[in-house]
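# Breakdown of the fold
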Amino acid sequence: MSHVTLENIGTAYRLFCKISERRENKPKDSDGTRVVSLRQAGSVKTWKKQPGRFQVNYKYGLYDNIKVTEENCKYFFLTEKEAREEGEVY
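Counting restarts for each chain: residues are numbered from 1 in the order of the written sequence. pLDDT decides what is reported in this predicted model: residues at 70 or higher carry local features, side-chain atom pairs at 80 or more are listed and counted, and totals for whole chains, interfaces and linings draw on all residues regardless. Excluded from the side-chain calculations are hydrogens and water; all other atoms, namely the structure's heavy atoms, are used.

Moving on, we come to the overall build of the protein. From N to C terminus, the protein includes one helix and six strands. A run of H or I in DSSP counts as a helix once it spans at least four residues, and a run of E counts as a strand once it spans at least two, with each numbered from the N terminus. In sequence order, the secondary structure elements of the protein are arranged as β-β-β-β-β-β-α. Buried residues are those whose accessible area, probed at 1.4 Å on protein chains only, stays under 20% of the maximum for their type, while exposed residues exceed 50% and partly exposed ones sit between those limits. Looking at the protein as a whole, 34% of its 90 residues are labelled buried. Sequence separation of 24 or more characterises 45% of the internal contacts of the protein that already satisfy a separation of 6 or more. Throughout, the Shrake-Rupley method with a 1.4 Å probe supplies accessible areas, and for residues the shown protein chains are the sole cover considered. Carbon and sulfur atoms provide 47% of the accessible area of the protein, an area that totals close to 6000 Å². The contact criterion used throughout is that any non-hydrogen atoms of two residues lie within 4.5 Å.

Written as structure tokens, this is what we have:
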């Protein structure tokens, strides 16, 4: 299982996340969720005084953005297969 971490976030241009989909017109899995592909929309931001802290902006769809941080990185994966099989709903 390859969750996103500070070590591999710099090379990950594309991430995958499982989200709860409430709209009727989008294809979704049987449990009402779908896996979305996220594109990197900014550089990795780190802090000198807090070495484990990071933040990266990712975009999905036309208007939606997500900030990936050290607190929510457990929901994001490097491959779509891992996000579909092992991912928790964000």
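Ring geometry is summarised as follows: Phe, Tyr and Trp rings, the Trp one being its six-membered ring, pair when their centres sit within 6.5 Å, and such pairs are stacked at plane angles under 30 degrees, edge-to-face over 60 and tilted between the two. Taken as a whole, this structure holds two aromatic pairs when the rule is applied. Both rings, one in F76 and one in Y90, keep their centres 5.4 Å apart while their planes meet at 55°; by these two values the pair is tilted. Of this pair, F76 sits in strand 6 (residues 76–77) while Y90 is found in the segment after helix 1 (80–86), placing the two residues 14 residues apart along the sequence. Here the aromatic cluster, defined as three or more aromatic residues joined through ring pairs, consists of Y75, F76 and Y90.

Attention now goes to the nonpolar core. One recurring pattern in soluble globular proteins is that nonpolar side chains are buried together. Ranked by size, the top nonpolar core spans 17 residues in total, and within it I9, L15, L38, Y58, V68 and F76 carry the most contacts. Of all the secondary-structure elements, those providing two or more residues to this core are strand 1 (14–20), strand 2 (33–40), strand 4 (54–60) and strand 5 (64–69). The element contributing the most residues to this core is strand 4, with four residues. The term nonpolar core refers to a set of buried residues drawn from Ala, Val, Leu, Ile, Met, Phe, Trp, Tyr and Cys, joined through side-chain atoms within 4.5 Å.

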